[in-house]
Amino acid sequence: MKTRYSFGGDEHIFVEVDEEMSMEAFFRSLSMTNAVRESKIRGVTEICPANASYQIKFDPDLISPDDMLAELKRLESSAEQADSVLKTRIIEIPVLYNDPWTHETLMRFRERHQDPNSTDLEYAARINNFTSVDDFIAAHSGAPWFVSMVGFVAGLPFMYQLADRQHQIEVPKYLSPRTDTPKLTVGYGGCFACIYSVRGAGGYQMFGITPMPIYDPNQEISYLRDFMVFFKPGDIVKFKPVDRDAYDAAVEEVEANRYAPLMRDVTFSLDDFEKDIDGYNKKLEEALHAN
Amino acid sequence: MPIKVLSPGLATTVQDLGRPGYYHLGIPISGGMDRLALRAANMLVGNDEGAAVLEAVFMGPELEFTSDAMVAVTGAELPPKVDSDVREGWAAFEVKAGQTLSFEYLKSGARAYIAISGGVDVPVVLGSRSTYPLGALGGHEGRPLQAGDELPLGTGGGKAGTSVPENLRRGPGMPAELRVLTGIYWYRLTEEAQGNFFEDTWKVAPEADRIAYRFRGGRKASFVDREPPFGAGSDPSNIVDGCYPYGSIQMPGGTEPIVLHRDAVSGGGYFMLGTVISADMDLIGQLQPHVPTKFTEVDMETALGARHERHALLDNIREAIG
């Protein structure tokens with residue numbers, strides 16, 4: 001893991017913590033962005049943590065690009081000593097896998113897919129060596145997920161599964177991006193799951209849909225009243241497969257503004273997680289269902 | 001007293017100088033694509049430079065005024081008309097209650113900025129009145145204007161007869177030149193592809209909007225061989241999803257360069273070869289489809305020099321309008 005710095009024009013610095021994805025790279029990127037935020041460097045206008053990198057936008061009229069770069073490098077060493085413990089929350093997200101809306105959409109864009117003769121779920125199950133789509137869904141909704149980046153479009157979470165590398169699911173993105181993706185599609189690209197917060201273009205494989213809105217620019221939905229974006233980096237997500245009846249019931253709750261996401265505060269320790277992945281995930285799930 | 005939208009044009013949106021501070025949540029800065037033109041339009045009608053204006057692309061709207069106001073149209077050459085009388089661009093003129101502001105056909109450029117004294121007074125959302133249509137955020141109901149919309153105006157401003165001298169108006173050249181600082185994942189391209197990118201003349205593709213401008217017509221790029229990093233994906237143009245700078249140039253599959261603009265997607269999984277310098281971002285907003293475009297490599301010193309020149313140009317405009 002070697003940090004690499006590059007200017008993005010005269011207003012950005014792009015910092016790659018690691019070329020490949022890992023929880024260690026995420027935690028280093030997060031502690032570096034925390035250090036930048038705390039140091040209150042004059043001229044910084046945006047601090048954006050990503051999966052294994054981060055980006056700073058700055059005003060070169062207030063701080064020269066070279067000085068900005070020197071500040072970030074100086075902060076790198078202090079960030080390295082930060083512990084990988086996060087006070088966060090775990091949220092249950094219901095998913096109707098293999099739903100009619102993403103199915104209609106994926107059929108419409110079949111010529112842009114690697115395997116036009118199967119669905120996205122069938123394709124992903126096969127190339128990840130699952131014997132059936134059901135087994136694949138069981139793995140996808142088994143271990144929880146860690147929100148390692150928010151972005152692309154308003155409030156979209158990128159999620160990395162809390163599993164060891166040989167149990168990670170990996171799929172390519174569509175050969176050419178679709179011009180349409182249903183709102184609240186549960187998608188997948190590279191080693192990341194996502195939830196499309198709004199309808200629009202997208203290149204991730206489509207596995208299902210959630211009834212739970214995660215972005216509300218009007219701030220009318222009860223749990224989005226304080227802020228229009230639901231997710232932040234560090235959130236933990238557990239997918240729960242639901243059938244059509246449960247999905248429809250949840251949509252009704254959402255429409256009546258009675259839907260309350262199941263969520264609990266938890267502390268996540270990267271060291272403890274890595275010592276016993278399955279045991280740690282079990283504890284997270286117990287915390288979610290504790291009264 | 002509000003303005004009534006009789007016809008909306010192609011995609012007319014309310015824009016100001018944008019909404020910084022939320023890019024880490026995928027909410028882009030938005031705001032006028034050609035900020036110099038937006039500032040100049042506001043100066044001409046006596047508004048704060050960052051007041052909300054209308055950004056019209058390719059085709060102007062038709063607007064009925066219900067109170068007297070000063071108006072200025074800058075940016076693209078999209079001649080304004082009050083009832084049937086043509087008015088000059090880059091100059092303030094009066095529109096009286098009951099009169100209609102409309103536009104002739106586009107003569108050059110792509111986006112016109114319509115400033116009205118008092119500014120367009122839609123609600124401020126996350127610190128800005130700019131419209132971000134993909135997120136249904138800001139502006140008038142989070143979307144481009146539609147016939148029948150009514151736009152409230154603020155108060156203040158108004159100064160007749162001032163104009164921006166011709167030598168201070170700026171548009172893209174022909175061919176357009178966009179200056180680029182290479183970097184980020186530039187090393188992913190072979191030396192040959194790096195050379196081709198700057199040698200080739202590209203053309204603006206029809207897919208060109210506030211999110212991004214796509215270019216085509218140059219040679220396909222080749223990549224340096226590698227073992228795909230875990231999580232990136234198998235295509236040589238893939239990276240582990242990261243942040244995208246405004247102005248950054250990605251090239252999915254090595255085919256068509258895409259330059260992100262004010263409504264940028266904040267991140268994704270495609271490598272970037274470099275970034276258009278801040279001083280040239282305004283020019284992109286004035287490029288029509290099919291305009292030949294050359295990318296030119298510059299260093300940081302040149303980028304900062306160009307930024308300084310742009311500030312000086314704005315100072316000269318402020319002084320000329322005084």
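How each quantity is defined
Residues numbered from 1 in each chain as written. Chains lettered and ligands numbered in written order. Predicted model: local features only at pLDDT ≥ 70, side-chain atom pairs only at ≥ 80, totals over all residues. Helix = DSSP H or I, 4+ residues; strand = E, 2+ residues; numbered from the N terminus. Rg over C-alpha atoms; globule rule 2.2 N^0.38 Å. Buried ≥ 20, exposed ≤ 12 C-beta atoms within 10 Å, placed from the backbone. Pairing = 2+ DSSP bridges. Axes fitted to C-alpha atoms, helices over the stretch in contact; angles between N-to-C directions. Domains from an automatic or database assignment. Contact = placed C-beta atoms within 7 Å. Nonpolar A, V, L, I, M, F, W, Y, C, P; charged D, E, K, R; others polar. Core = buried A, V, L, I, M, F, W, Y, C linked by C-beta atoms within 7 Å. Parallel < 35°, antiparallel > 145°, perpendicular 65-115°, else oblique. Left-handed = near helix turned anticlockwise from the far one by under 90°.

Some thoughts on the overall build of chain A
Move 1: Per the secondary structure count, chain A includes 8 helices and 12 strands.
Move 2: Computed over the C-alpha atoms, the radius of gyration of chain A is 20 Å, within 12% of the 19 Å expected from 2.2 N^0.38 for a compact globule of 291 residues.
Move 3: In terms of overall dimensions, chain A has C-alpha extents of about 55 × 50 × 40 Å along its principal axes.
Move 4: Within the span of chain A, comprising 291 residues, buried residues form 46% of the whole.

Thoughts on the sheet that holds strand E19 (residues 272-276) of chain B
All names here are of chain B.
Move 1: Within the closed barrel, the 7 strands sit side by side as E12-E19-E16-E17-E14-E13-E20. Their pairing is mixed. Ignoring strand direction, the axes of neighbouring strands in this sheet form an average angle of 40 degrees.
Move 2: One ladder, built from 3 bridges, connects strand E13 (residues 202-208) with strand E14 (residues 212-216); its direction is antiparallel. Note that in E14 the partner of Val204 across the bridge is Phe215.

Observations concerning the domain arrangement of chain B
How large an interface is tends to be reported as the accessible area lost when its parts come together.
All names here are of chain B.
Move 1: For chain B, the assigned domains read domain 1 (3-168) and domain 2 (176-311).
Move 2: Each of domain 1 and domain 2 has a C-alpha centre, and the two are 29 Å apart.
Move 3: Each partner contributes residues to the interface: domain 1 has 18 residues there, and domain 2 has 14 residues.
Move 4: When residues of the side of domain 1 that touches domain 2 are assigned to their parent elements, the largest contribution, 3 residues, is made by strand E10 (residues 108-116).
Move 5: Here the side of domain 1 that touches domain 2 is composed, by residue class, of 9 nonpolar, 6 polar and 3 charged.

Structural notes on the nonpolar core
Move 1: Core analysis: the largest hydrophobic core is formed by 174 residues, its most contacted members being Met159(A), Ala41(B), Val53(B), Val71(B), Ile114(B) and Ala115(B).
Move 2: Of all the elements, helix H1 (residues 35-44) of chain B adds the most residues to this core, at 7 residues.
Move 3: When near neighbours in sequence (up to four residues on either side) are disregarded, Met159(A) contacts Trp145(A), Phe146(A), Val147(A), Ser148(A), Phe192(A), Ala193(A), Cys194(A) and Val237(A).

Description of the interface of chain B and chain A
Move 1: Across the boundary between the two partners, chain B contributes 43 residues, which contact 45 residues of chain A.
Move 2: Listed by contribution, the elements that provide at least two residues to the side of chain B that touches chain A are strand E15 (238-243), strand E18 (267-270), E19 and helix H4 (300-321) of chain B.
Move 3: For the side of chain B that touches chain A, the residue count by class is 21 nonpolar, 19 polar and 3 charged.

Side note on unusual backbone geometry
All names here are of chain B.
Move 1: Even without a glycine there, the phi angle at Ser30 is positive, about 55 degrees.
Move 2: By secondary structure assignment, the location of Ser30 is in the loop between strand E2 (13-15) and H1.
Move 3: Taking the number of C-beta atoms within 10 Å as the measure of exposure, Ser30 has 31 and is therefore buried.
Move 4: In the Ramachandran plot, Trp90 falls in the positive-phi region, its phi being about 55 degrees despite a non-glycine side chain.
Move 5: Topologically, Trp90 is positioned in the loop between strand E7 (85-86) and strand E8 (92-95).
Move 6: With 21 C-beta atoms packed within 10 Å, Trp90 lands in the buried category.

What about the sheet that holds strand E1 (residues 4-8) of chain A?
Residue and element names in this part refer to chain A.
Move 1: An order of E1-E2-E4-E3 is seen for the 4 strands of this open sheet, with the pairing classed as antiparallel. Of all the strands in the sheet, just E1 and strand E3 (44-49) have a single pairing partner and so form its edges. Across the sheet, the mean angle from the axis of one strand to that of its neighbour is 15 degrees, orientation sign disregarded.
Move 2: When strand E2 (residues 12-16) meets strand E4 (residues 53-58), the two strands line up antiparallel, connected through 5 bridges. Pairing of His12 across the sheet is with Lys57, part of E4.
Move 3: Sheet contacts for helix H1 (residues 23-39): E2, E3 and E4; angle to E3, the most-contacted strand, approximately 160 degrees.

Details of the packing of H1(A) against helix H2 (residues 65-80) of chain A
Residue and element names in this part refer to chain A.
Move 1: Relative orientation of the contacting elements H1 and H2 amounts to 120 degrees, with a least axis distance of 9 Å. Taken together, H1 and H2 sit at an angle that is classed as oblique. Here H1 runs over H2; the crossing is right-handed. Contacts between H1 and H2 pair Arg28, Ser31, Met32, Ala35, Val36 and Ser39 from the former with Leu72, Leu75, Glu76, Ser78 and Ala79 from the latter.

Some points on the environment of Thr100(B)
Residues and elements named next belong to chain B.
Move 1: Structurally, Thr100 is set in strand E9 (residues 100-103).
Move 2: The sequence separation of Thr100 and Asp83 amounts to 17 residues, and the corresponding C-alpha distance is 5.1 Å.
Move 3: Not counting residues up to four positions away in its chain, the partners in contact with Thr100 are Leu6, Glu62, Leu63, Glu64 and Asp83.

Some points on the pairing of E18(B)
All names here are of chain B.
Move 1: Across the two faces of E18 the burial is the same, with Gly267 and Gly269 and Gly268 and Tyr270 all buried.
Move 2: Bridge count between E15 and E18: 3 bridges; the pairing is antiparallel. Within E18, the residue paired with Cys243 across the bridge is Gly267.

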